[in-house]
Structure formats: C-alpha cells, structure tokens
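# Structure at a glance
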Amino acid sequence: MSVLDQKIKSMDVWHVQLPVKTRRDHGIGTVADNIDVVIVRLTAESGVCGYGEGSPWVVFTGTAEANFAALDRYLRPLIVGRSICELQQIMLDAERAVVHCGEARAALETALLDLKGRLLGVPVYELLGGAVRTTIPLSVSLANPDFDADIALVDQLREDNIRLVKFKTGIRDHQFDLMRIERLRKDYPEFDIRVDYNQGLAPTDALRKLRDIECFDVTFIEQPVPAQDYRVMQNLAAAIDTPLLADETVFSAADMTRAVEDRLCNCVSVKIMKCGGLSRGQTIAAIAQSAGMAAYGGDMFETGIAHLAGTHMIAATPNISLGCEFYQASYYLVEDLLQAPYPIVDGQVVVPDSPGLGMEVDIERLERLSINYAG
Ligand SMILES: [Mg+2]
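Every value quoted in this text rests on a predicted model; they were computed, and no experiment measured them.

Let us look at the overall build of the chain. For the chain, the count of helices and strands is 14 helices and 15 strands. Against the compact-globule benchmark of 21 Å for 375 residues, the chain has a radius of gyration of 20 Å, which places it among compact chains. With respect to the principal axes defined by its C-alpha atoms, the chain has extents near 60 × 40 × 40 Å.

Here's what the structure looks like:
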C-alpha cells in the first residue's frame with residue numbers, strides 16, 4: 001500500500017488577521033492596519049500535516065470571509081475522507097463546488113501538495129515538474145504615501161542586496177510619480193525599476209502618461225488601465241516600447257488566451273490567488289510561453305505560507321523569469337506565520353529543498369492572530 005493511499009483525516013481552517021508595518025496605497029485601493037488571510041491544514045491518517053493559504057484582497061479578488069466559508073462549509077465535504085492520491089480529482093470537484101473564491105482553491109491545492117510532498121519526502125516543486133531554478137530575484141514594491149519612508153526602505157533594500165523595485169503609481173498625481181521615479185533613477189542607479197498602476201489610469205490619457213514614464217527606462221509597466229478595457233490595453237501595448245504587463249486583465253487560462261490572441265500585453269503577472277492554484281498558474285504561464293511571453297511572479301498581501309507556494313511554482317515554471325514580489329513576510333508584516341524567516345539571501349528567494357513547502361508553520365502565532373467565529 002502506498003503512503004498516498006491513506007485518507008485525509010481532518011481539515012482545520014483559520015481566518016487570520018496580521019498587523020502590517022505601514023499604510024500602502026495601490027491604484028485601486030489601500031491597505032492599512034491588517035491583512036486578512038485564510039489558512040487551511042489537512043491532516044493525514046498518519047498524523048502528517050499540509051498547510052495552505054488563501055490571500056484575498058477585497059478590491060481585487062474577494063474577501064477572507066467568503067474564502068473561509070468556501071473552505072469550511074462547501075469544500076470540507078469534498079476533502080475529508082478522500083485519499084491524497086486523488087489530488088487532481090479533488091481540485092476538479094472543488095472547482096465545480098464553489099464559483100469564484102480562487103484563493104480558497106489555491107489554499108486547498110497548496111495544502112494537498114504540501115501534504116503529498118511531505119508523505120513522499122520530496123519538495124513541492126518536484127510534484128510540479130521539477131525545478132529549473134534554485135533562486136528567484138526578489139522585487140519589493142514602493143507604495144508608501146510618505147515618499148521619505150520609501151526612500152528609507154530603498155536604503156535598507158540596497159543594504160540587503162535587493163536590486164528590483166516596483167513603484168505603485170497612479171494614486172496621487174502624475175508629477176508625484178515622475179518625481180519618485182526620477183529620484184530613484186538618479187540616486188539609486190543600480191536598481192531595476194518596474195511600475196504598476198493597478199488599473200489606476202483613465203483610458204483617455206493613459207498613453208500620454210506612459211510615454212513620460214518610458215523616459216526613465218523602466219523594465220515593464222503593469223496594468224495601467226481597468227482590467228476589462230481590452231481595446232485600450234491593446235492600443236497601449238502597440239504604442240509603447242516598454243513591455244506592457246497584464247495583471248488584473250488575466251485571472252484565468254481563458255483570459256491569457258484572449259491576451260495572446262488580441263495582443264493585450266507583452267508579459268503577464270501569474271498569481272496563484274487569481275487563478276486558483278499552482279497548477280493553474282503553470283497553465284497560464286504555458287499559454288504565455290507559447291506566445292513568447294515572459295511571466296512575473298506576482299502575489300497578493302500574503303504570509304510566508306503563500307509565498308512558499310508561489311516559490312515552488314516559479315521554481316518549476318521556466319518562463320516565470322521576471323522575478324517575484326514575495327516581500328511581505330520579510331518587509332511588510334509585523335510578524336509572519338512561518339517559524340523561521342522566509343528565505344531571502346542577497347536579493348534572491350532561495351527555493352527550499354526539504355519535503356513539501358519546506359518550512360514549518362508557527363501554530364502559536366496562527367492561533368493567537370486568528371478570528372474566533374464562535375465568539
Ligand atoms: Mg499588479
């Protein structure tokens with residue numbers, strides 16, 4: 001009998017609120033005080049556990065409350081009592097059982113893969129095709145409304161040998177954005193700069209503003225206009241020389257197919273929270289690769305658990321080659337849910353090579369920061 005024949009004995013779900021260090025302004029919304037995530041733990045008959053995280057953002061993908069209910073109420077009956085070897089079928093059943101709530105399915109697939117990897121004694125990336133890289137360049141986003149505080153952060157990033165930064169733009173006025181990028185170009189020339197509008201520009205004057213941004217030789221410009229303004233994305237991609245990266249425009253494999261067919265972008269942000277899991281993220285990356293597009297490892301407001309899921313996916317996906325933005329656990333949360341620091345060395349995420357996700361969850365913090373619905 002294979003270790004994978006054993007059943008999933010129990011499932012635990014937590015809604016966790018984690019304090020953050022500063023307010024952050026992104027095109028479509030603000031984060032302050034706390035982030036909300038949902039954590040799931042699956043326990044096999046042998047007592048081995050696997051963890052997963054769903055990290056919604058209310059203005060982008062959805063709510064923690066909806067994802068908690070998706071897991072706790074609607075997906076639980078599909079999971080408890082099933083064998084680990086049914087992973088793929090469980091995910092197909094989960095897709096049919098609950099619409100939306102992709103973060104809940106991302107949490108579920110992560111926990112199943114973590115559990116399967118631990119039972120087999122292999123890292124999650126081995127279950128996704130095997131690693132093509134052992135490190136991933138880390139990007140940190142600059143979104144503090146207090147620019148002096150962001151400059152202090154950039155000083156720290158320089159000390160830490162991080163060389164990728166992404167400006168969150170389109171929140172205040174255009175001159176504020178140009179001033180910030182110009183300052184960084186001038187005083188921190190060693191940094192690779194990216195720009196993300198989070199849909200913040202009006203379609204009518206987006207092109208004029210992007211042409212100003214192009215003067216600073218940025219690596220890519222991400223999602224300048226609302227997700228469904230497909231014709232505007234198409235026109236911008238054709239008009240500017242800088243690669244246009246789609247984020248909110250591409251949630252699913254079908255969205256990626258449209259982006260390729262209609263030339264809506266030159267590259268794409270793959271996030272397991274948008275598409276509902278690691279294998280679906282790999283599918284989106286594969287469609288992009290078929291059109292010669294590179295992909296970027298995006299994320300939501302996450303803890304180290306979701307960062308690890310993304311890390312293993314990127315390790316096993318050749319064309320997610322533009323780095324990742326898994327900085328929250330180290331630079332944004334007051335405390336993370338992993339026992340040891342999420343692994344960043346010299347500006348690179350180091351892909352863990354021990355079984356499952358490769359790191360342990362801090363149960364005390366998880367319990368202390370969770371919301372008790374029972375009151
Ligand atoms: Mg984005």
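With that settled, the discussion passes to the sheet that holds strand S6 (residues 135–137). The sheet built from three strands is open, its strands ordered S6-S15-S14 with antiparallel pairing. If you trace the sheet from one side to the other, it starts and ends with S6 and strand S14 (344–345), each paired once. Strand direction decides the pairing type here: S14 and strand S15 (residues 348–350), joined by two bridges, are antiparallel. Following the sheet pairing, Ile344 is matched in S15 by Val349.

Looking now at unusual backbone geometry. Most peptide bonds take the trans form, and the phi angle of most residues other than glycine is negative. We note that Gln223 has phi near 35°; this positive angle belongs to a residue other than glycine. Residue position: Gln223 is located in the loop between strand S10 (221–222) and helix H8 (230–239).

The assigned domain composition of the chain is domain 1 (3–121) and domain 2 (127–350). The C-alpha-based centres of domain 1 and domain 2 are spaced at 23 Å. On the side of domain 2, 30 residues touch domain 1, which itself brings 34 residues to the contact. At the level of elements, strand S1 (8–19), strand S2 (24–26), strand S4 (34–44), strand S5 (49–54) and helix H3 (102–120) are the ones that each hand at least two residues to the side of domain 1 that touches domain 2. Counting residues per element, the side of domain 1 that touches domain 2 draws most heavily on H3, which supplies nine residues.

Another aspect to go through is the environment of Asp336. Relative to the elements of secondary structure, Asp336 occurs in the loop between helix H13 (328–331) and S14. Apart from residues no more than four positions distant in its own chain, Asp336 is found in contact with Thr303, Gly304, Ala329 and Tyr342.

The antiparallel open sheet is built from three strands, whose spatial order is S1-S4-S5. Of all strands in the sheet, those bounded by a partner on one side alone are S1 and S5. Adjacent strand axes in the sheet meet at a mean angle of 20° when their direction is disregarded. As judged from the eleven bridges shared by S1 and S4, these two strands associate in the antiparallel manner. Its bridge partner being in S4, Met11 is matched across the sheet by Leu42.

Further remarks concern H3. When the terminal C-alpha atoms of H3 are compared, their 27 Å separation across 19 residues agrees well with the 27 Å that a helix rising 1.5 Å per residue should span. In terms of residue burial, H3 counts as a mostly covered element, since 18 of its 19 residues are buried. In the segment just after H3, Gly121 is the residue with positive phi, at about 75°.

Reading the values: rules and limits
- Each chain has its residues counted from 1, following the order in which its sequence is written.
- Only residues with pLDDT of at least 70 are given local features in this predicted model, and only at 80 or more are side-chain atom pairs given and counted; all residues enter the totals for whole chains, interfaces and linings.
- Only runs of H or I of at least four residues qualify as helices and only runs of E of at least two qualify as strands under DSSP, and these elements are numbered from the N terminus.
- The globule rule is 2.2 Å times the number of residues to the power 0.38, and the radius of gyration it is compared with is taken over C-alpha atoms.
- Two strands qualify as a pair provided DSSP detects at least 2 bridges between them.
- For the domains described, the bounds stem from an automatic or database domain assignment.
- Residue pairs qualify as contacts under a 7 Å threshold applied to their C-beta atoms, which are placed from the backbone.
- Axes here refer to lines fitted to C-alpha atoms; in helices the fit is confined to the stretch in contact. Angles between the N-to-C directions go from 0 to 180 degrees.
- Take the residue count of a helix, subtract one, and multiply by 1.5 Å to get its expected span.
- Counting other C-beta atoms within 10 Å of a residue's own tells you its class, since 20 or more makes it buried, 12 or fewer makes it exposed, and anything in between is partly exposed; those C-beta atoms are placed from the backbone.

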